Amino acid sequence: MKEIIAIIRPKKVSATKSALENLGFPSMTALSVLGRGRQRGIASELNYEVSPSVSGKSGGMKYIPKRLMSVIVRNSDVDTVVKTIVEINQTAQIGDGKIFVCPVDDALRVRTDETGENAVI
Amino acid sequence: MKMIKAIVRPDAADSVADGLAEAGFFSMTKIHAFGRGKQKGITVGTTHYDELPKTIIMMVVEDNDVDEVLKLIKYKAYTGNFGDGKVFITPVDYAFTVRTGEKTL
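Being a predicted model, the structure only gives us computed values, none of them experimental. (Residues numbered from 1 in each chain as written. Chains lettered and ligands numbered in written order. Predicted model: local features only at pLDDT ≥ 70, side-chain atom pairs only at ≥ 80, totals over all residues.)

Caption draft 1: Representation of the interface of chain B and chain A. The interface of chain B with chain A comprises 20 residues on the first partner and 27 residues on the second. Every element with two or more residues in the side of chain B that touches chain A is listed here: β2 (28-35), β6 (86-91) and β7 (94-97) of chain B. Considering only residue class, the side of chain B that touches chain A consists of twelve nonpolar, five polar and three charged. Bridge analysis of strand β4 (residues 98-103) of chain A against β7(B) gives four bridges, and the strand direction is antiparallel. Bridging from a neighbouring strand, A:Val101 pairs with B:Tyr94 of β7(B). (Contact = placed C-beta atoms within 7 Å. Helix = DSSP H or I, 4+ residues; strand = E, 2+ residues; numbered from the N terminus. Nonpolar A, V, L, I, M, F, W, Y, C, P; charged D, E, K, R; others polar. Pairing = 2+ DSSP bridges.)

This is the structure:
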C-alpha cells in the first residue's frame, strides 16, 4: 500500500475529487494547509488582487493557501492515481503543487477489523 | 527522499521556516494541529488543557539534507521547556512536480 499525498490548488480540489471518483478511488482525506515551494511564495497565482501591504516588497507572500489531499491505494494503482492528479492539476504555471508517494505498512478498518489491503479497497 | 514532519510551537513555526529558508530549504507546508505529549497537556491553575495548539511543518528533502534540516529545526524550535515538540522522519518513494509531471523534487 502507498499513501499519495498531493498538495494542490484549492480551486482544483473538486475536479480532482470527481476524477478520482470516476476511477474508483472515492476515499480521501483533505486538509487545508499553508505552504510555499521553490519560488518562496508568490501572489500572482491567486485569482484575486492582493493588496501591496500584504504582498510585501518582493510582490510575493510568505505562505500560499493550498489543499493537501491524502489517498491510500494499492501498489498497483499508484501510477494511475498519480497520472490522473497530474493531468487534472496541470495549468503550466508555477504553483501547481507536488505529489509525494510514501509507503504504508498496514491499515485497519475500524468497523470490520479488516487489515491490510482489504481495509483500503 | 525523506519526509520531515516537525510538530513545533505555533509561535516558533515562523522562525523555523525562516531559518530553513536562509539555509536554502524554501519549500515547506504548514498545518495547524492540536495535540498533546507525554505530559498529557498542561494544567494552569485549576484549568487543565488536554490538547494544545501546535503547528506541523512538513517538508520533503533529499536523504543527505536530513541531518542539516534536523539541526536547524532543533536550534530554532528549542526553548528548553516541555512542549517544544517532536520531529518524525518517514520515507518517501517518489515525488512528482505537477506542473511538469516529472519525477523530481
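Caption draft 2: Spatial organisation of the sheet that holds β7(B). Sheet architecture is open: nine strands sit in the order β6(B)-β1(B)-β5(B)-β2(B)-β2(A)-β3(A)-β1(A)-β4(A)-β7(B), paired in antiparallel fashion. Two strands in the sheet have a free side with no partner beyond their single neighbour: β6 and β7 of chain B. Direction aside, neighbouring strands of the sheet carry axes that sit 25 degrees apart on average. Judged from the seven bridges that link them, strand β2 (residues 29-36) of chain A and strand β3 (residues 64-73) of chain A form a sheet pairing that is antiparallel. In the strand pairing of β3(A), A:Val33 is matched with A:Lys66. On top of the sheet, helix α1 (residues 10-22) of chain B reaches β1 (2-8), β2 and β5 (52-61) of chain B; it is set at about 20 degrees to β5(B), its chief contact. On the sheet, helix α2 (residues 66-77) of chain B packs against β1, β5 and β6 of chain B and is oriented at approximately 5 degrees with respect to β1(B). (Axes fitted to C-alpha atoms, helices over the stretch in contact; angles between N-to-C directions.)

Caption draft 3: Looking closely at α2(B). Residues and elements named next belong to chain B. Taking 1.5 Å per residue as the helical rise, α2 with its twelve residues ought to reach 16 Å, and the 16 Å between its terminal C-alpha atoms agrees with that figure. Of all the residues in α2, the buried ones are Val 69, Ile 73 and Ala 77. All buried residues of α2 lie within an arc of 45 degrees about the axis, which places them on one face of the element. Opposite the buried face of α2, by more than 90 degrees, sit the exposed residues Asp 67, Lys 71 and Tyr 75. (Expected span 1.5 Å × (residues − 1). Buried ≥ 20, exposed ≤ 12 C-beta atoms within 10 Å, placed from the backbone. Arc of directions from axis to C-beta.)

Caption draft 4: Layout of the packing of helix α1 (residues 13-23) of chain A against helix α3 (residues 78-89) of chain A. Residue and element names in this part refer to chain A. One way to put it is that α1 packs onto α3 with a least axis distance of 10 Å and a crossing angle of 145 degrees. As for how α1 packs across α3, the hand of that crossing is right-handed. Of the residues in α3, those in contact with Ala 15, Thr 16, Ala 19, Leu 20 and Leu 23 of α1 are Thr 80, Val 81, Thr 84, Ile 85, Ile 88 and Asn 89. Taken together, the residues that form the contact of α1 with α3 break down as seven nonpolar, four polar and no charged. (Left-handed = near helix turned anticlockwise from the far one by under 90°.)

Caption draft 5: The arrangement of the environment of B:Ile56 in detail. Residue and element names in this part refer to chain B. Counting through the fold element by element, Ile 56 comes out in strand β5. With 26 residues separating them in the primary sequence, Ile 56 and Phe 82 have C-alpha atoms 17 Å apart. Not counting chain neighbours up to four residues away, the residues in contact with Ile 56 comprise Lys 5, Ile 7, Ile 31 and Ala 33.

Caption draft 6: The arrangement of unusual backbone geometry in detail. Here the phi dihedral of A:Asp113 falls at roughly 70 degrees; this positive angle occurs in a residue that is not glycine. Relative to the assigned elements, A:Asp113 resides in the segment after β4. Taking the C-beta count within 10 Å as the criterion, A:Asp113 has 8 such neighbours and is therefore assigned exposed. With a phi close to 55 degrees, B:Lys40 is a non-glycine residue in the positive phi region.

Caption draft 7: Representation of α1(B). Residues and elements named next belong to chain B. Spanning 13 residues, α1 covers 19 Å between terminal C-alpha atoms, matching the ideal 18 Å at 1.5 Å per step. Along α1, the positions that sit buried rather than exposed are Ala 12, Ala 13, Val 16, Ala 17 and Leu 20. Relative to the axis of α1, the buried residues are bounded by an arc of 140 degrees and lie together on one face. Residues of α1 that are exposed and angled more than 90 degrees away from the buried face: Asp 11, Asp 18 and Glu 22. Looking at the buried residues of α1, the elements they touch are β1, β2, β5 and α2. Phi for Gly 24, located one or two positions after α1, is positive at around 100 degrees.

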